[in-house]
Amino acid sequence: MALIFYSPINPAEVWGPELKKHIPDLDFRVWEEPGDPAEIDMALCWKPPAGGLAKFPNLKVIFSLAAGVDHLFYDPDLPDVPVVRMVEPSLTAGVAEYIVLHVMRHHKDQLRFAEQQRAKVWEEYFAPPAWTRRVGILGLGVLGGTAAGMLKPIGFQLAGWSRSPKQVDGVEPFHGPDQLGDLVARSDILVSILPKTPQTENLLNADLFAKMPRGASLINAGRGDQLVEQDLLDALESGQISQATLDVFRTEPLPAGDPFWSHPKITVTPHSGGDPFPETAAKAVAENIMRFRNGEPLPNIAHPEDGY
Ligand code: NDP
Ligand code: OXD
């Protein structure tokens, strides 16, 4: 049996050899040359074309090249087989570091200094200590939980929001739609690292911004359609939100004419929060392939009914 690989961004010529380091007898096939489709029982993919995976009649498992699985669940013809999310150290560290970096930038108001430097203005500003700053994290899963663990020793007052009740050391817990308002009301810096689901779509909107403390800031590293873009522009204009850092967008790459590019209060990064580096990620995938081959339970299975 064989594994089919598809990704417009992750090179097959790197991933094939990396996987074979761990599983030398792996039959690794690329999308353009799948051979007999009936021989394919595993897929390793990022954003395969709609209907593409349905062409493999004996597919038994799909390994996602991403933590989010919206790039698979969008496909109405996705085979009804387990989808395993990417959970591996380099992706987790990358995203958690991204969150720490931008929480620190917002906390220390680095945007102010960048603006002052451009204008050649020497004006001192001292941010209050981290222990006075309330950080709210939307999404307390693998990535949000790890980011919270990195932020905790810095001293921030941390809170997190999940779908089900969740305990993370040093993080005040909130869960469910009823507790979202309370969480954002105590968030000077709000971070979204939520998956894309029908429930998270348009979550970062005018109503939510109005509940945040005046002058609070936003970091969105979850998915672009969580943000109502015009509502953010309005909240920045009114001063309700002081600044935003955005890594994910409704349209990626962000179109050249998008107002976010040149907005003085918005920092744009090109969906670069984190990425699975093949050196570590292939090992994690190989371990799951071996579990699959041995009929053992697979970790980090996404739930189509929940969308993540
Ligand atoms: P997990 O599945 O481990 O965690 C998801 C978290 O979101 C869980 O705490 C879950 O709650 C919570 N959640 C989901 N839906 C809701 C909801 N409706 N209301 C409240 N909480 C909700 O995923 P990861 O942490 O691994 O990844 C999260 C997302 O990060 C990905 O889906 C992707 O969109 C994004 N991402 C972005 C990257 C980037 O480069 N910018 C890189 C990698 C991922 P519960 O704990 O109750 O299940
Ligand atoms: C992911 C991503 O979901 O890169 O892994 O966004």
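Throughout what follows, the structure given in this document is the object of discussion. Just so we're clear, the structure is a prediction, and the values are computed from it rather than from any experiment. (Residues numbered from 1 in each chain as written. Chains lettered and ligands numbered in written order. Predicted model: local features only at pLDDT ≥ 70, side-chain atom pairs only at ≥ 80, totals over all residues. Heavy atoms only, no water.)

### Some points on the site of ligand 1
- If you check the shell around ligand 1, you find 28 residues, and the closest are Arg-85, Val-142, Ser-164, Asp-247 and Tyr-308.
- Between ligand 1 and Arg-223 there is a distance of 3.2 Å, counted from an oxygen atom to a side-chain nitrogen or oxygen.
- Gly-274 is positioned such that a nitrogen or oxygen atom in its backbone is 3.2 Å from an oxygen atom of ligand 1.
- If ligand 1 stood free it would expose 940 Å²; the protein chains cover 92% of that surface.
- Residue-level mapping places the shell around ligand 1 at the junction of two domains, with at least three residues from each of domain 1 (2-88 + 276-293) and domain 2 (92-268). (Near = heavy atom within 4 Å. Polar contact = N/O pair within 3.5 Å; in protein donor to acceptor, adjacent residues only side chain to side chain. Areas by Shrake-Rupley, 256 points an atom, 1.4 Å probe, with all protein chains shown as cover. Domains from an automatic or database assignment.)

### What about the pairing of strand 3 (residues 40-45)?
- Among the six residues in strand 3, six count as buried, and that is most of the element.
- Bridge analysis of strand 1 (residues 2-6) against strand 3 gives five bridges, and the strand direction is parallel. If you follow Phe-5 over to strand 3, its bridge partner there is Leu-44.
- Sheet topology places strand 3 next to strand 4 (residues 61-64); four bridges connect them, and they run parallel. In the strand pairing of strand 4, Ala-43 is matched with Ile-62. (Buried < 20%, exposed > 50% of the residue type's maximum accessible area, 1.4 Å probe, protein only. Helix = DSSP H or I, 4+ residues; strand = E, 2+ residues; numbered from the N terminus. Pairing = 2+ DSSP bridges.)

### Things to note about the nonpolar core
- Membership of the largest hydrophobic core comes to 48 residues, with the highest contact counts inside it found for Trp-15 and Phe-63.
- Looking at which element gives the most residues to this core, the answer is helix 3 (residues 89-108), with seven residues.
- Residue-level mapping places this core at the junction of two domains, with at least three residues from each of domain 1 (2-88 + 276-293) and domain 2 (92-268).
- Judged by nonpolar contacts, the second largest core, of 29 residues, contains Leu-180, Leu-194, Leu-208 and Leu-233. (Core = buried A, V, L, I, M, F, W, Y, C linked by side-chain atoms within 4.5 Å.)

### A few points about unusual backbone geometry
- With omega at -5°, the peptide bond leading from Glu-252 into Pro-253 counts as cis.
- Along the chain, Pro-253 falls in the loop between strand 11 (241-246) and strand 12 (266-268).
- Positive phi, close to 50°, is recorded for Lys-47, a residue that is not glycine.
- Relative to the elements of secondary structure, Lys-47 occurs in the loop between strand 3 and strand 4.
- Residue classification places Lys-47 among the partly exposed positions, given a relative accessible area of 45%.
- Residue Asp-109 is not a glycine yet carries a positive backbone phi of 55°.
- Following the sequence through the fold, Asp-109 ends up in the loop between helix 3 and helix 4 (110-118).

### Points about the packing of aromatic side chains
- One pass over the structure, following the stated rule, counts six aromatic pairs.
- With a centroid separation of 5.8 Å and an interplanar angle of 75°, the aromatic rings of Trp-31 and Phe-56 are classed as edge-to-face. Here the residue Trp-31 occupies a position in the loop between strand 2 (28-30) and strand 3, and Phe-56 occupies one in the loop between strand 3 and strand 4, the gap between them amounting to 25 residues.
- Aromatic pair Phe-249 and Phe-260: ring centres 6.4 Å apart, planes at 55°, arrangement tilted. Placement of Phe-249 in the loop between strand 11 and strand 12 and of Phe-260 in the loop between strand 11 and strand 12 is noted, with a sequence separation of 11 residues between them. (Phe/Tyr/Trp six-rings, centres within 6.5 Å; stacked < 30°, edge-to-face > 60°.)

### Some thoughts on the sheet that holds strand 2
- Read across the open sheet, the five strands follow the order 2-1-3-4-5; overall the sheet is parallel. The sheet terminates laterally at strand 2 and strand 5 (83-84), the two strands that pair on one side only.
- Lying on the sheet, helix 1 (residues 12-22) is in contact with strand 1, strand 2 and strand 3; it crosses strand 2 at an angle near 170°. (Contact = heavy atoms within 4.5 Å. Axes fitted to C-alpha atoms, helices over the stretch in contact; angles between N-to-C directions.)

### Here's the deal with the site of ligand 2
- Lining the immediate surroundings of ligand 2 are Ala-66, Ala-67, Gly-68, Leu-91, Arg-223, His-271 and Gly-274.
- For ligand 2, an oxygen atom lies 2.8 Å from a polar atom in the side chain of Arg-223.
- At 2.6 Å, a side-chain N or O of His-271 approaches an oxygen atom of ligand 2.
- When ligand 2 sits alone it has 210 Å² of accessible area, and the protein chains cover 85% of it.
- Taken together, the residues of the shell around ligand 2 sort by class into three nonpolar, three polar and one charged. (Nonpolar A, V, L, I, M, F, W, Y, C, P; charged D, E, K, R; others polar.)

### Comments concerning the sheet that holds strand 11
- Read from one edge of the open sheet, seven strands run 8-7-6-9-10-11-12, paired in parallel fashion. Either end of the sheet is taken by a strand with one partner, and the two such strands are strand 8 (171-175) and strand 12. With direction set aside, neighbouring strand axes in the sheet form an average angle of 15°.
- Where strand 10 (residues 216-220) lies against strand 11, five bridges are found, and the strand directions are parallel. Residue Ser-217 lies in a different strand from strand 11, and its bridge partner there is Gln-243.
- Across the sheet, helix 3 is in contact with strand 6 (134-138), strand 9 (189-192), strand 10, strand 11 and strand 12; its angle to strand 11 comes to roughly 155°.
- Lying over the sheet, helix 8 (residues 229-238) contacts strand 10, strand 11 and strand 12, oriented at roughly 140° with respect to strand 11.

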